[in-house]
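# Per-entry structural report
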Amino acid sequence: MLYPSENAFREVKDLCGIWNFKADNSGVGNSEKWYENKLENTILMPVPASYNDITQDISLRDFIGDVWYQKDFYVPSSWKDKRILIRFGSVSHNASVWINGKYAVEHKGGYLPFEAEIGKFINFDKPNCVTVRVGNILDYGTLPPGKIEEYPFDDYPEGFRRQIIQHDFFHYSGIHRPVKIYCTEHDFIDDITVVTDIGENCGTVKYSVKIAGNGDVTVSLRDKCGNEVASGNGENGVLKVENPHLWNVGDGYLYTLEVKLSNNGRTVDLYEQKIGIRTIKVEGCKILLNGKPVHFTGFGRHEDSNIHGKGLDNALNIKDNNLLKWIGANSFRTSHYPYSEELMDIADEEGFLVIDECSAVGFNFWGAGKPVFCPELISDEALTTHIREMKELIARDKNRPCVIMWSVANEAATYEESSRPYFKKVIDTARQADSTRPITIIEHTKANECKVGDLVDVIGVNRYFSWYNDPGYLDTIEPRLTAELKRWYDNFRKPVIITEFGADTVAGMHSDPPQMFSEEYQVEVIKHYANVIDSLDFVVGEQVWNFADFQTKQGITRVLGNKKGIFTRDRSPKMAAHYLKERWDSLKKEAEL
Ligand code: GCB
């Protein structure tokens, strides 16, 4: 799905700002058709943002159910004969949209974009009104999965219920990413797919353009200065670029593929698609970027911050980008869901290697006595959702050079036999949608019990030795980690990235000898992991958990959230940040020698 970008043939209007908002506490909004009229008794709500931390109201912070958003907007009269669309970057976790009281679209899945044509509902001589119902209930058919637990028991407050989630991040909800309206002609460029390759002093850009309606396609590939380096005609073709400037780690060189659609000699649509010329391959126990082995340094991250929750925050994203560069990271994983397109643009441009994860998280630890992958829990319904969201993710991010791998899940119960047919289908889908990128699954299962390791190209391993296992015993890390990693390699012969390791650390808490929760302890944990990583050549990456402290549900192991950040939630470095900077800067220097 193309991002709604602007040019001489496409106009975009941003509907971000302050909307009217109302929580449907009694669950009557649908039956009372709130979308037909102005919402009553509303409060002000920013878009994009999670609604949870915006007010002082505990019931809104922990709200389960539907909330309603509404906003008036004008459409320029010059759009009268055009195709007009509304596009949401993401709404967590499901949305129904009405324009001027008429149903326009609905979407399930909290982290992916959706759009709809709305021309037939639009007024050009008076304001229009968009109403969005946002639901946040997670069940066994959603990604992530969850369940609502009712408490019709003595001593509980009447109507008490809770959203059970198995994942370790706060259940932020709302309109999280930009809402835009845009227009095109009725003959338009519907989609573009680009695959690049490199040969001797030359790069190839294989493109395919999907058009709707009629017209002839021409393409022009331009370098950063706007010079044309190749051109072509037709909906499919291969462009050759002499001596290309390759997209690389820390050097996200982007070309622009300008695609033009013309009708009878008149240009009717144009789209400027950024692309990077690079290759990514797995060979033996190595991952090769542009033919050279690469070692991943960086983090699992979250979209999370004070007040905004999971709402897009460009200032925060640029700050994080600068911190990633400062600390010498070259990669991150979009744990545990697709991140905003705006954030991914930064990674493309800065040359970060991104493991792009779908929101399959929390497929574990429940259903005592029952396997997770069974008809009552993670069943065919979940599989259908998983397959759809995997396809939507690949459709959104397929042209991004920063995306070097797809992650199909985080810490699923892959020790169960029934997980194998499930993941086989998900992985086959991903391979069909994109045969150019490796696929990984992020594992917590023991190497000897994993039923899916042979299906993927790279294994991501999460391990918390001397934290959840043997808490306080730093000496256990090296022998236990080495043995476990070797088993992964012996069993599957695939490159391994340690995709999570770390320790909760309260900034400002110190202890020598190191004790859990102190800054010294976090440094020691990472140093022990680093010793093992440096000794095993099939371990091709280290991503610390987590980049920054983040909000979680409340629980006895969380003190105002998860504190495994190398930065605090307001992005101040902990002691370990300085250690990692030294380590990663020196790894970079070694690689350059
Ligand atoms: C994990 C999960 C991650 C948690 C982390 C922790 O294994 O993948 O979502 O936040 O552990 O800190 O417990």
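Everything numeric here is computed off the predicted structure, so don't read it as measured data.

## Concerning the sheet that holds strand β15 (residues 188–199)
Reading across from one edge, β15-β16-β19 is the order of the three strands in this open sheet, with antiparallel pairing throughout. Edge positions in the open sheet fall to β15 and β19 (236–242), since each of these has one partner strand only. Adjacent strand axes in the sheet meet at a mean angle of 20 degrees when their direction is disregarded. Sheet topology note: the β15/strand β16 (residues 202–212) ladder contains eleven bridges and is antiparallel. Looking at the pairing, valine 194 lines up with tyrosine 207 of β16.

## With respect to empty space enclosed by the protein
With the rule as written, the count across this model stands at five cavities of 30 Å³ or more. Approximately 70 Å³ is the volume found for the largest cavity. In terms of lining, the largest cavity is formed by Glu303, Asp304, Ser305, Gly309, Lys310, Gly311, Leu312, Asp313, Leu316, Asn317 and Leu343. In terms of residue class, the lining of the largest cavity is made up of three nonpolar, four polar and four charged.

## Here we look at the site of the ligand
As a structural note, the neighbourhood of the ligand is formed by 13 residues, with Asp168, His336, Glu411, Tyr468 and Lys564 the closest of them. Between the ligand and the protein, one listed contact pairs an oxygen atom with a side-chain N or O atom of tyrosine 464 at 3.4 Å. One nitrogen or oxygen atom from the side chain of lysine 564 is found 2.5 Å from an oxygen atom belonging to the ligand. Split by residue class, the shell around the ligand holds four nonpolar, four polar and five charged.

## Let's talk about the domain arrangement of the protein chain
Each assigned domain of the protein chain is listed here: domain 1 (11–136 + 171–184), domain 2 (188–275) and domain 3 (280–592). Between domain 2 and domain 3, the C-alpha centre-to-centre distance is 33 Å. Taken together, the contact between domain 2 and domain 3 spans 17 residues of the former and 16 residues of the latter. When residues of domain 2 are sorted by the area they lose upon contact with domain 3, Trp247, Val249 and Leu254 head the list and together hold 45% of the total. As a salt-bridge pair, aspartate 191 and lysine 398 come within 2.6 Å of each other at their nearest N and O atoms. The interface formed by domain 2 and domain 3 holds seven residue pairs in polar contact (both at pLDDT 80 or more) in total. If you list the elements that add at least two residues to the side of domain 2 that touches domain 3, you get β15 and β21 (266–275). For the side of domain 2 that touches domain 3, the leading source of residues is β15, giving six residues. Split by residue class, the side of domain 2 that touches domain 3 holds nine nonpolar, five polar and three charged.

Each value, and the rule that gives it
Residues numbered from 1 in each chain as written. Predicted model: local features only at pLDDT ≥ 70, side-chain atom pairs only at ≥ 80, totals over all residues. Heavy atoms only, no water. Pairing = 2+ DSSP bridges. Helix = DSSP H or I, 4+ residues; strand = E, 2+ residues; numbered from the N terminus. Axes fitted to C-alpha atoms, helices over the stretch in contact; angles between N-to-C directions. 1 Å grid on protein atoms, 1.4 Å probe; cavity = no way out; pocket = protein on both sides within 12 Å on 5 of 7 lines; lining within 4 Å. Points joined across faces, edges and corners; volume = space filled by probe spheres on them. Nonpolar A, V, L, I, M, F, W, Y, C, P; charged D, E, K, R; others polar. Near = heavy atom within 4 Å. Polar contact = N/O pair within 3.5 Å; in protein donor to acceptor, adjacent residues only side chain to side chain. Domains from an automatic or database assignment. Contact = heavy atoms within 4.5 Å. Buried area = accessible area lost by both parts, 1.4 Å probe. Salt bridge = Lys/Arg side-chain N within 4 Å of Asp/Glu carboxyl O.

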